[in-house]
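A look at the structure
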Amino acid sequence: MYTNAGRAQVQELVDAGAQVVEVLERRQYRLAHLPGAISIPAWELTRDRARDLDRSRPVVVYCFDTL
Amino acid sequence: MYDYVDGKADWMAYGLPVEGDDGPFLGQQLVEVPTCAVSSTVADARRLLRSSGTGASAVVVVTGDGLAVGEVDLETLADRPDDAALLDVMDPVPTTVRPSVTVASLAEGGGGERLVTTSDGRLLGRATVEASIHHDDHDHQDTREERYEAEMTAVLQAVEERFGDREPTADELHAFLRERLVSEGRSVEDAERFLDQLDDAEAE
């Protein structure tokens, strides 16, 4: 279940210790990513990979833009 | 689970910090710009420029929220009466760029001075970038060809990483390339124009 979040809310979540996941290709991640974000390209985001995340903390996922 | 729907483009366009190999970005080399409120007069702007001590040759007119709505240079100020409203003499809607544009991309585009604003128009400052220098046409040509080959190799690798052995559809490839171009500092419109040109070239 996803909740849409805007920039201000994401900043609050990050400050509060949320895990941040970039789902773009790894080259994009290497160029620039949000501070502390980890890279899990969308096509690799399986249940197994999701188990690597800490379920006790919020998770923020992001792509490049809304399109 | 939260979905930051506006994504990395929004984060970077707002001048927020990022980690990674890209950059430096215009947002990292800003200088302060003299600003005047929308209620200011020509005399206010002249006084500000004289006292700023920065050597600035223009003021930016901003709203109370810091939104840049216009710019007035010394030459314009010189011709106008003291009590003229800046709103009436300013160059409205100045050309701006986002802080997420790389210094290298602006240098390759000819360099120059740009006002830098967030995606919602809030003024951050001014960035000045020198144009890339090429020693002669031969070197220039070699550099361009080398850069083109390196870029094509990187694109092919990225496409393979994204789609694996599967052949992407034309729409998928278009969206992928568009996203890539925008992430490298092009505007969405410029990226679309570039891809249209590629399509036209392929059609010919």
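Conventions adopted
Residues numbered from 1 in each chain as written. Chains lettered and ligands numbered in written order. Predicted model: local features only at pLDDT ≥ 70, side-chain atom pairs only at ≥ 80, totals over all residues. Pairing = 2+ DSSP bridges. Helix = DSSP H or I, 4+ residues; strand = E, 2+ residues; numbered from the N terminus. Contact = placed C-beta atoms within 7 Å. Nonpolar A, V, L, I, M, F, W, Y, C, P; charged D, E, K, R; others polar. pLDDT = per-residue confidence, 0-100. Buried ≥ 20, exposed ≤ 12 C-beta atoms within 10 Å, placed from the backbone.

With that out of the way, let us pick up the sheet that holds strand E5 (residues 91–92) of chain B. The strand order E2-E3-E4-E5 (chain B) describes an open sheet built from four strands, whose pairing is mixed. Two strands lie at the open edges of the sheet, namely strand E2 (35–37) and E5 of chain B, each paired on one side alone.

The interface of chain B with chain A comprises 24 residues on the first partner and 28 residues on the second. Listing elements by their share of the side of chain B that touches chain A, those giving two or more residues are strand E1 (2–4), helix H1 (7–13), helix H6 (137–163) and helix H7 (170–183) of chain B. The element contributing the most residues to the side of chain B that touches chain A is H1(B), with six residues. When the residues that make up the side of chain B that touches chain A are grouped by side-chain class, the tally is eleven nonpolar, three polar and ten charged. Two elements, strand E4 (residues 59–62) of chain A and E1(B), share three bridges in a ladder whose sense is parallel.

Attention shifts here to the confidence of the model for chain A. Residue-level pLDDT values for chain A average 90, and 97% of them are 70 or greater. Confidence, expressed as mean pLDDT per element, reaches its minimum in chain A at helix H3 (residues 47–50) of chain A with 86 and its maximum at strand E2 (residues 19–22) of chain A with 96.

Moving on, we get to the environment of Arg80(B). Residues and elements named next belong to chain B. With respect to the helices and strands, Arg80 occurs in the loop between helix H3 (74–78) and helix H4 (86–89). Accessibility expressed as a C-beta count within 10 Å gives 18 for Arg80, which makes it partly exposed. Sequence separation of Arg80 and Thr41 is 39 residues, and the distance between their C-alpha atoms is 10.0 Å. Residues contacting Arg80, with those up to four places away along its chain left out, are Val42 and Val89.

What follows covers the pairing of strand E8 (residues 123–129) of chain B. All names here are of chain B. Buried residues dominate E8, accounting for five of its seven residues. Two strands pair when backbone bridges link them, and strand E7 (residues 112–117) and E8 are joined in this way by six bridges, in the antiparallel orientation. Directly across from Leu115, in E8, lies its bridge partner Arg126.

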